[in-house]
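Here's the letter readout for the chains.
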Amino acid sequence: GPLLVGRDLHKTFGATQALRGADVSVRAGEVLAVMGPSGSGKSTLLHCLAGIVTPDSGSIEYQGRDLVAMSDAERSALRRTDFGFVFQFGQLVPELTCLENVALPLRLGGVKRKVAEAKARQWLERVEVGELGARRPGDVSGGQGQRVAVARALVGDPQVVFADEPTGALDSLNGETVMQLLTEAARSANAAVVLVTHEARVAAHSDREIVVRDGTATDRELVS
Ligand code: ADP
Ligand code: ADP
């Protein structure tokens, strides 16, 4: 069965119904594109699946475990061990070097500095920015920064990488490269990717697509 399933998700912010009946499933190792116009609820859906936002109603199961019923501490621990994240920009810690940024998820998980930094260095090389380890995020280009972010999302061997408009701040050439690196890295690690995008060109890197419209989404994989 699927690795991650959200059913009939509802979420209201004040007067805004961001989600009003969204169904989605994610299979192990697949790249799933979540498409739809701006404001349709894509980010909210991603945040619910990732355990960052709690839905008002509906269910979320990860590996058969009820994500909504978990304590905040359990959810945080799960995010750290099983999930990776790539956002549009601004996700790297400016005070740390690129190498330290990539090593950070491992360090927070209690891995010793030498071991964490050795693994981080390998990941920087895999996404073709091995030479940038000593630089700070403010001193690299947008495309290079997103490669560093991809390395950081994958360094902890996650089961699922959540990517919210990961190429939204890049030109199309850099966007293509980052999408190729992200999907190749995830496929080789057998990590699933939940990719929020409104661009067909970005979604073309996925195995499967679902569309969010006015807070609703249906997933054919769940209908049977
Ligand atoms: P998308 O990712 O498709 O652009 P979002 O999930 O970001 O859509 O937003 C869906 C709707 O919910 C929008 O109207 C947005 O302004 C609103 N929204 C999202 N998050 C919040 C929030 N934290 N507080 C208030 N409104 C929010
Ligand atoms: P995206 O570009 O991915 O749709 P946004 O820029 O709309 O994301 O939102 C970025 C963050 O701000 C998200 O965490 C979202 O939940 C929150 N947010 C979105 N809309 C609102 C809003 N109207 N009020 C408060 N927070 C919001």
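Preceding this section is the structure that the text describes.
Here is a short report on the structure shown in this document. (Residues numbered from 1 in each chain as written. Chains lettered and ligands numbered in written order. Predicted model: local features only at pLDDT ≥ 70, side-chain atom pairs only at ≥ 80, totals over all residues. Heavy atoms only, no water.)

1. Description of the site of ligand 1
What surrounds ligand 1 is the set F13, T16, A18, P37, S38, G39, S40, G41, K42, S43 and T44. G41 places a main-chain nitrogen or oxygen 3.0 Å from an oxygen atom of ligand 1. Taking K42, its side chain carries an N or O atom lying 2.9 Å from an oxygen atom of ligand 1. Relative to its free-state accessible area of 560 Å², ligand 1 is covered by the protein chains to the extent of 57%. Elements with a contribution of two residues or more to the shell around ligand 1: β2 (16-26) and α1 (42-49). It is α1 that provides the largest number of residues to the shell around ligand 1, a total of 3 residues. (Near = heavy atom within 4 Å. Polar contact = N/O pair within 3.5 Å; in protein donor to acceptor, adjacent residues only side chain to side chain. Areas by Shrake-Rupley, 256 points an atom, 1.4 Å probe, with all protein chains shown as cover. Helix = DSSP H or I, 4+ residues; strand = E, 2+ residues; numbered from the N terminus.)

2. Focus: helix α4 (residues 113-126)
Compared with the 20 Å implied by 1.5 Å per residue over 14 residues, the 20 Å span of α4 between its first and last C-alpha is a close match. On its buried face, α4 sits against α3 (98-108), α5 (142-154) and α6 (172-188). With its phi angle positive at about 65 degrees, E128 sits one or two positions after the end of α4. (Expected span 1.5 Å × (residues − 1). Contact = heavy atoms within 4.5 Å.)

3. Description of the site of ligand 2
Lining the immediate environment of ligand 2, one finds S43, H47 and D164. Contacts to ligand 2 include S43, whose side-chain N or O atom sits 2.7 Å from an oxygen atom. In the environment of ligand 2, an oxygen atom lies 3.4 Å from a nitrogen or oxygen atom belonging to the side chain of D164. Protein chains shield 23% of the accessible area of ligand 2, which is 550 Å² for the free molecule.

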